[in-house]
Amino acid sequence: MSMMQQLVESVCSRLSEMFTSHVLNKVGSYFFFGGRLESLKENSKRLSDIASDVMTEIGEGEKLRKRKRKREVESWLEEVQEIKNEFLAMQTELQEQGFIHRFSRGDRVVKLNSKVEQLIQQSRDFDELLLDAYETKGEPLLTTSLFGDAFDENLKRISKYVVIDKIPIVGIYGMGGVGKTTLAKHIHNLLLEKTKYHVCWVTVSRDFSINKLQDDIAKHIQLDLSTESSEDKRAALLNRALSQIKDLVLILDDVWDNISLIRVGITHHLEGCRLIITTRSLGVCCQIGCHENVSVQTLCVNEAWNLFKDILGQQTILTPQVEEIAKAVAKECDGLPLGIVTLAGSMRSVTDIHVWKNTLTELKESLLGQDDNIVMKEKVFRVLKYSFDRLDTSYTSQGKIRSGYTKLQLCFLYCSLYPEDFVIGKTELIRRFISEKLIDHRKSRGAKIDKGRDILDKLVKACLLESTRLSSGRDGVKMHDLVRDMALEITRDNPKFKVLAGLSLKEFPSEEEYWTEDLEKMSLMRNYIREIPQGMSPNCPKLSTLLLNNNKDLAFIPDSFFSLMCGLSVLDLSSTGIRVLPNSVCDLESLNVLDLTYCSELVHVANLGKLKALKELYLTDCCNIREVPQGLENLVNLKILSLSDTEIDMLPTGFLPKLHHLQYLLLPLHVQVAVEEIESLKQLEKVSCGVKDVYDFNSFVRYQQRGQGNINTSYDIVIGDYRGEFRLDISSKVFYKHVGVYRCNLKKAGEGNEVTLLGQDIQDLELVECEGLSSCFSDDLQRLGSPRSIHTLTFKRCKGIECIARLTTTQEEELNSLEEIILVDMPDVMGLVVGDATTIALTIAPPNPIGLFSSLKILSIYECNKIKKLDYLQDLQNLETIHIEDCKEIEEIIQVVAGEGRGCVVSLPKLKELRLFYLQKLKSICTHEEAKMCCNSIERIYLWGCPEVKKLPLLLLRSSSSSSSVEEDGGHQYQYQYQYQYHSSSYSAPPNLKEIKINRKCWESLEWDDPTHKDILRPFCMLFQSN
């Protein structure tokens, strides 16, 4: 049963229980009131039945995640929950204050009954409950350039197989490091750019499982398989979901063995679905049943040298004599792109002939083995190993440590502790480098982070790591599997690593086979281990790092387990299911780092007082931890304390000053801290917490301004009555100054020069349900401290504010730094800018003389029902995103002066996304029907629930004759066919356009100045049925 179904049934149950048990037996003499109550009871029963039906229909529609509930339906269900909360409040008052005192007039019953009737009426007005939930086609992947005629030919050939010939399964095979993945990435990006296909990229890797592969594919298409354990049923659900997606290309990269596609849920008869696999073996292609196979070969001598030169870069200028030696060095890579790229990366900026000669000699002398296969493997490894060895000479400032390697080399080897093909977030990796003491001693953590970025940059430039992105869009790196194999080969003996990460293990590795006395680092992250055997106690005195994170089913660790790990320095138990931290952890007196992040089942942490060496403690998102762990005040060497998103309500008085080495203090935002305790932490670089009121925050600001604290301290501070509302995600920011003001009266702030609410360097300001502000926010800036660096300004439910600035404002300097404005449920806001007495309809003709909001990139407006026309957007030349939703009265987005509309062009050169949702009265995006928007950067347009819009005013530019030609060469033809197959005019869509999501009825009703424009844009459209 879903949570919402339980909620609705709970409402009904509460009604019967409350009004039968606590009311009906007491209203015998209150007939009029009793009638009202009976009416409320009957209506509530009807509401419960309707809500139950709604949830049933929604549940069926959302089961395959190809449809999602409409916003109005979601809001309706939220109001049902609010009714439940009101009944609970009534029940409490009945029990505490008595029946006659509270309900003799029956006012609250009448109001509640009215709300219930309104909800019933709203349900009758629902047209459809769900809309199609099309996801994006996919995002382009970062990749390197292709080199060689063969790569170009393979790119054309495979693309033709998919797009023109519609071959169901295409195999790409070739030896490791030859460029299969790079080729597949180019195909991925080309299909996204030039065709209407959705493209799904899944990395399979050596130690895959059917279950994990199903999950990876399901995640991409928004299918939830988490509640289904049967492989067959999961396959059926996946197959059904895939069959509903038209024009899908699924790329399975790095396939090592035969995959039973039917077991996964992929059948050959899936219409519109194409499959591309990359593998090292032609045999795998044949076993899987590929209809066409493409072999990727090594580069010829000239192509290899051209690639080698490209990686060396123009800054590496070689004399003719040195160049001949460099060609011989390149030739040692045997045309293998991975070897060429890695070796050339290690030789960047090297021009000395003696160094090149030595490199050639060492490469030739390192050749081992006679068997052809062994020779090829050794050739690859010796090239990679040579690049690794050169890290010594290129980064000597780090110095050698006990293992004989530099810290830079150890940073590289550390990356091998992650699973194969795993994308590692740069922020996480740098944090681990610091925890492992792999970064030179520096006073501040910020300086160490800078050093960590420099280290990663050097490893990427040496081509030992690949720069990429996480699914969240944040920066990451990954290891090529051959490079990782080389690193694991190095760590077999010194330093001694055991890496069993991401292998889908369910049983814990045996003590005899894996837990040796010379073991230094063990990685068991990202498996399915459920428990560690009772009584197990590995004798690993040299073990310094143990990574058990992301074993989500790991519920039990015996006390004996850590008893013989006296040298353990880093213990990562994050994202596990443990309920109790073993007592033996508390005896690890060498422990520097204890990570319990996302241990949502953890209810108890034993006394930590013995862990005197502990420097980093993470209890983030341990939602069942309600008290500060005992002994924490004794950890005087602690530098990082993260208790954010726990249920801790308060800190013991005098607790923080004892932790005088703290650099990061991250607390639940509802925990209000005395400012004098924050001020006692002289080394503090980052803090998140709550403070009681504006005056406490001002004390903190003045403390910093006096230079007594670290002026560069990042902070996320909540002022006032914070109730757990959703806030901006600032976790990706290295440096921030974020202030949220909740339910405060700011009328007196700044009066008498007593209060400076905001520091001048604040970056993000959030005002929620605040009172006492002027009708124009810019009028308040001076009395609130004249902040000069606000990047994000958020208002939620603040009454009285009508605009952000006046056209004649003198506070342009403060407003010009704004990059994002968010307005949510602002009942009195009429626009961003006002003039003398009325809202100004700014035109496209004269630019604003004072340049208001000149840096604005994102404008988001939700539920602001007094806005009829948005002004001034056409002058915001840095605007990248416009998002307007649920504004009931808005009629126009961009105003154009009367009489100047014909042939007029509004230029928004950086606009990437235009999102317009549920704007029932919106008649036009531009005021004048013939005005056009020139948005060459536009990528996505969303138009949902805007039934009155008649035009999509995109300016379509004329194409040059050369760009519209169709080459007859088979490989080239497809590249242009999909761009031009729907039209023959000389116009073309904006060059970066990826998708238009729009209601089908709305799309069909749009009016066009040129009938061909509709055909031009149609390939980019994703149409859905509901309003």
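This text follows the structure it describes.
The structure displayed is predicted, hence computed values, not measured ones.

Glancing now at the side chain of K185. In this structure, K185 sits in helix α7 (residues 180-194). Here K185 occupies a buried position and makes no salt bridge, while the nearest side chain of opposite charge, E466, is found at 4.4 Å. If near-sequence neighbours (up to four positions away) are discounted, K185 is found in contact with L141, L142, T143, W201 and E466.

With that settled, the discussion passes to a positive patch on the surface. On the surface, K166, K196, K246, R1000 and R1018 cluster together into a positively charged patch. Locating K246 in the fold gives a position in the loop between α9 (231-243) and β5 (248-255).

Turning our attention to the pattern of salt bridges. Tallied over the full model, the rule gives 35 salt bridges. Linking K160 and D165 is a salt bridge whose minimum nitrogen-to-oxygen distance equals 3.0 Å. Judged by relative accessible area, K160 falls into the partly exposed class, the value being 29%. Since its relative accessible area comes to 33%, D165 is described here as partly exposed. Across the pair R206 and E420 runs a salt bridge, and its minimum N-O distance is 3.3 Å. Within this pair, whereas R206 is found in the loop between β4 (198-203) and α8 (210-220), its partner E420 is found in the loop between α17 (407-414) and β8 (424-425), the two being separated by 214 residues in sequence. Accessibility expressed as a relative area gives 12% for E420, which makes it buried.

A word on the sheet that holds strand β7 (residues 292-295). Pairing is parallel in the open sheet, where 5 strands are placed in the order β4-β5-β6-β3-β7. The open sheet has two edge strands, β4 and β7, and neither has a second partner. When strand polarity is set aside, the average angle formed by the axes of neighbouring strands in this sheet is 15°. As defined by bridge partners, strand β3 (residues 169-173) adjoins strand β6 (residues 273-279) across 5 bridges and the pair is classed as parallel. Pairing of V170 across the sheet is with I276, part of β6.

The subject of this paragraph is the packing of aromatic side chains. Across all of its chains, the model carries 19 aromatic pairs by this definition. With a centroid separation of 5.6 Å and an interplanar angle of 15°, the aromatic rings of F508 and W515 are classed as stacked. The same class applies to F508 and to W515, which are both buried. Among the aromatic side chains, those forming a connected cluster through ring pairs are F508, W515, F561 and F562. Here R206 stacks its cationic end above the ring of W256, 4.2 Å away from the centre of that ring. The ring of Y618 carries R431 above its face, with NZ or CZ at 5.0 Å from the centroid.

Next up on the list: the nonpolar core. Counting 148 residues, the largest nonpolar core has W515, L546 and F853 as its most contacted members. When residues in this core are grouped by element, the largest group, 4 residues, is from helix α23 (residues 694-705). Apart from the residues lying within four places of it in its own chain, the contact partners of F853 are I804, A805, L815, N816, L818, I821, L832, V833, Y872 and L876. In this structure, F308, I490, V499 and M525 belong to the second largest nonpolar core, which totals 99 residues.

Turning to the pairing of β3, a few remarks are in order. Among the 5 residues in β3, 5 count as buried, and that is most of the element. Two strands pair when backbone bridges link them, and β3 and β7 are joined in this way by 4 bridges, in the parallel orientation. Note that in β7 the partner of G171 across the bridge is N293.

As a further point, take the sheet that holds strand β9 (residues 466-469). Two strands in a sheet stick together by hydrogen bonds in their backbones, pointing the same way (parallel) or opposite ways (antiparallel). Sheet architecture is open: 3 strands sit in the order β8-β10-β9, paired in antiparallel fashion. Where the open sheet ends on each side, the last strands, each with one partner, are β8 and β9.

End to end, helix α15 (residues 353-365) covers 18 Å across 13 residues, agreeing with the expected 18 Å (1.5 Å per residue, within 8%). Of the residues making up α15, those classed as buried are I353, W356, T359, L360 and L363. All buried residues of α15 fall inside an arc of 125° around its axis, so they share one side. In α15, the exposed residues that point more than 90 degrees away from the buried face are H354 and E365. Between the side-chain oxygen of the N-cap and the backbone nitrogen of H354 there are 2.7 Å, and the N-cap of α15 in question is D352.

Rules of the game
- Residues numbered from 1 in each chain as written.
- Predicted model: local features only at pLDDT ≥ 70, side-chain atom pairs only at ≥ 80, totals over all residues.
- Heavy atoms only, no water.
- Helix = DSSP H or I, 4+ residues; strand = E, 2+ residues; numbered from the N terminus.
- Buried < 20%, exposed > 50% of the residue type's maximum accessible area, 1.4 Å probe, protein only.
- Lys, Arg positive; Asp, Glu negative; His and termini not counted.
- Salt bridge = Lys/Arg side-chain N within 4 Å of Asp/Glu carboxyl O.
- Contact = heavy atoms within 4.5 Å.
- Patch = residues over 30% accessible without salt bridge, like charges linked within 9 Å, V, L, I, M, F, W, Y side chains within 5 Å.
- Areas by Shrake-Rupley, 256 points an atom, 1.4 Å probe, with all protein chains shown as cover.
- Charge placed at Lys NZ, Arg CZ, Asp CG, Glu CD.
- Pairing = 2+ DSSP bridges.
- Axes fitted to C-alpha atoms, helices over the stretch in contact; angles between N-to-C directions.
- Phe/Tyr/Trp six-rings, centres within 6.5 Å; stacked < 30°, edge-to-face > 60°.
- Lys NZ or Arg CZ within 6 Å of the ring centre and 35° of its normal.
- Core = buried A, V, L, I, M, F, W, Y, C linked by side-chain atoms within 4.5 Å.
- Expected span 1.5 Å × (residues − 1).
- Arc of directions from axis to C-beta.
- Polar contact = N/O pair within 3.5 Å; in protein donor to acceptor, adjacent residues only side chain to side chain.

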